[in-house]
Amino acid sequence: MTVYAPALPGVGILGTGSYLPEHLVTNDTAGQRAGVSAQWIERKTGIVQRRYAARHEAASDLAAEAAASALADAGVRAEDLAWIVVATSTPDHPQPATAALVQHRLGAHGAAAFDVNAVCAGFVAALHTAARLLAGDGGGGRRCALVVGADVYSRIIDPADRRTAPLFGDGAGAVVIGPVGEGRGLIGTAMRTDGHLHELIGVHAGGSRQPATEKTVARGEHHFAMQGRAVREFVERELPLAVEGTLNRFSVAPGQVDHFVPHQANGEMLRSVAGRLGLTSARIHLPVDRHGNTGAASVPLALDHARRQPGPPDGALRDGQLVLLAGFGGGMTLGTALLRWGR
């Protein structure tokens, strides 16, 4: 069952930011490792390149870079944050929370910080959580929150697995949320989890169910695994229903949506399903070709890309326009967020 959270008056996005590591991995390189051609990867996924984190970089490093960019864009100081919520399924460590490390890096010592793991739907879940905290006046006098999606999938993929390795890259995206003007901000969010499908995506070893041993490492059970065909069927079936349900719940006609920013799972798959979404007037943002699937980072990365594209007054996103975000991933979890852009 989908859980809807209605209008959040006065809470919206004040600024966006993103970070991609310097190390660029082309389809030629990824394909050689996986035993496929560069052309095969682009035809199947729409991806041309991806970025991998340097050896010294972890999820918190990427997150902090994106966060600093978002804070600068919003004109908000780190010390004025009430909350830091980091969405990641590739944390620096099992504990402490990656958000605590981001807080330390930023000097946001007055903020409470914690992680959210809804895999590739994580950013929408984190945005929902942080917005509800602010709407409930839980900021202790501070009125802003930082929401980050960051993942380092290059550390958990098997580079020889043609089903997964060509898809994934590393990156981070962030938004600062806080008070916005009347008629602007989040209209509502929706989340759904089909836990009976949890085995479609996962990293099966390294947790309390199956702790790390020499045998689990030798069997490759610490690598990311995905049943690609079943995942695609889930997205093709459930994403149109999720979009329809969210728009109906918040009384928005499909033709009123100006921008659709989905999880950048697979460009070819998203293009194939776009016609079934009914978003006849929406611009669909798909920068997946330049960074691949970056997990929880992909929605805020795409949002920041749209925000910074040339065009007055605010990139591709203009004041008063309707923006629909959609994340979907392991669990299986699907989340949407509807907002009216502007401060």
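Notes on the structure in this doc start here. Quantities reported herein were computed from a predicted structural model and do not represent experimental measurements.

## Some details on helix H10 (residues 298-308)
- Among the 11 residues that make up H10, 9 are buried, leaving the element largely enclosed by the rest of the structure.
- For H10, the full list of buried residues reads Ser298, Val299, Pro300, Leu301, Ala302, Leu303, Asp304, Ala306 and Arg307.

## A closer look at the nonpolar core
- Formed by 48 residues in total, the largest nonpolar core has its most connected members in Tyr153, Leu239, Val243, Phe260, Leu279 and Phe328.
- At 7 residues, the largest contribution of residues to this core is made by helix H7 (residues 228-249).
- Not counting residues up to four positions away in its chain, the partners in contact with Phe260 are Val243, Leu277, Leu279, Ala282, Arg283, Ile284, His285, Leu324 and Ala326.
- The next biggest cluster of nonpolar side chains, apart from the first, holds 37 residues, and it includes Ala87, Ala296, Leu317 and Ala337.

## Re empty space enclosed by the protein
- This structure, assessed with the given rule, holds 1 cavity of 30 Å³ or more.
- Its volume calculated, the largest cavity comes out at about 40 Å³.
- The wall of the largest cavity is formed by Phe260, Pro262, Leu270, Arg271, Val273, Ala274, Leu277, Ile284 and Leu286.
- Within the residue set of the lining of the largest cavity, elements represented by two or more residues are strand S12 (259-262) and helix H8 (267-274).
- Per-element tally for the lining of the largest cavity: the top contributor is H8, with 4 residues.

## Regarding the layout of surface pockets
- One number sums up the size of the largest pocket: a volume of about 1,000 Å³.
- If you trace the largest pocket, you find 35 residues lining it, with Ser89, Pro91, Asn117, Val203 and Ala205 closest to the centre.
- Going through the elements one at a time, strand S6 (112-116) and strand S10 (201-202) are the ones with two or more residues in the lining of the largest pocket.
- Within the lining of the largest pocket, the residues separate by chemical class into 15 nonpolar, 16 polar and 4 charged.
- A volume near 690 Å³ is recorded for the second largest pocket.
- Lining the second largest pocket are 29 residues, and of these Arg163, Leu167, Met226, Gly228 and Asn266 sit closest to its centre.
- Where the lining of the second largest pocket is concerned, the elements lending two or more residues are helix H2 (38-45), H7, H8 and strand S14 (322-329).
- The element best represented in the lining of the second largest pocket is H7, accounting for 7 residues.
- Split into classes, the residues belonging to the lining of the second largest pocket amount to 14 nonpolar, 6 polar and 9 charged.

## Structural notes on the packing of H7 against H8
- Where H7 meets H8, the axes come as close as 10 Å, and the angle between the chain directions of the two elements is 35°. Once H7 is placed against H8, the crossing between them reads as right-handed. The segment H7 lies against H8, with Arg232, Val235, Glu236, Leu239 and Pro240 engaging Glu268, Met269, Leu270, Ser272 and Val273.
- Looking at the contact of H7 with H8, its residues break down into 6 nonpolar, 1 polar and 3 charged.

## A short note on H7
- Under the 1.5 Å per step criterion, the end-to-end length of H7 is 31 Å for 22 residues, consistent within 8% with the ideal 32 Å.
- Roughly 30° is the biggest bend found in H7, and it falls at Glu238, with proline Pro240 one to four residues downstream.
- Residues of H7 that are buried include every one of Val231, Phe234, Val235, Glu238, Leu239, Pro240, Ala242, Val243, Gly245, Thr246 and Leu247, and no others.

## Some thoughts on the sheet that holds strand S8 (residues 170-179)
- Taken in spatial order, the 5 strands line up as S2-S8-S7-S5-S6 in an open sheet, and their pairing is mixed. Edge strands, defined here as strands with exactly one partner in the open sheet, are strand S2 (11-19) and S6. Recorded for the sheet is a direction-independent mean angle of 20° between the axes of neighbouring strands.
- Of the pairings in the sheet, the one linking S2 to S8 comprises 8 bridges and is antiparallel in character. If you follow Ser18 over to S8, its bridge partner there is Gly173.
- Across the sheet, helix H5 (residues 122-135) touches S2, strand S5 (81-87), S6, strand S7 (144-152) and S8, and the angle it forms with S7 is around 165°.
- Relative to S2, H10 is tilted by about 95°, and along the sheet it contacts S2, S7 and S8.

Reading the values: the criteria
- Residues numbered from 1 in each chain as written.
- Predicted model: local features only at pLDDT ≥ 70, side-chain atom pairs only at ≥ 80, totals over all residues.
- Heavy atoms only, no water.
- Buried < 20%, exposed > 50% of the residue type's maximum accessible area, 1.4 Å probe, protein only.
- Helix = DSSP H or I, 4+ residues; strand = E, 2+ residues; numbered from the N terminus.
- Core = buried A, V, L, I, M, F, W, Y, C linked by side-chain atoms within 4.5 Å.
- Contact = heavy atoms within 4.5 Å.
- 1 Å grid on protein atoms, 1.4 Å probe; cavity = no way out; pocket = protein on both sides within 12 Å on 5 of 7 lines; lining within 4 Å.
- Points joined across faces, edges and corners; volume = space filled by probe spheres on them.
- Nonpolar A, V, L, I, M, F, W, Y, C, P; charged D, E, K, R; others polar.
- Axes fitted to C-alpha atoms, helices over the stretch in contact; angles between N-to-C directions.
- Left-handed = near helix turned anticlockwise from the far one by under 90°.
- Expected span 1.5 Å × (residues − 1).
- Bend = angle between axes of the 7 residues up to and from the residue.
- Pairing = 2+ DSSP bridges.

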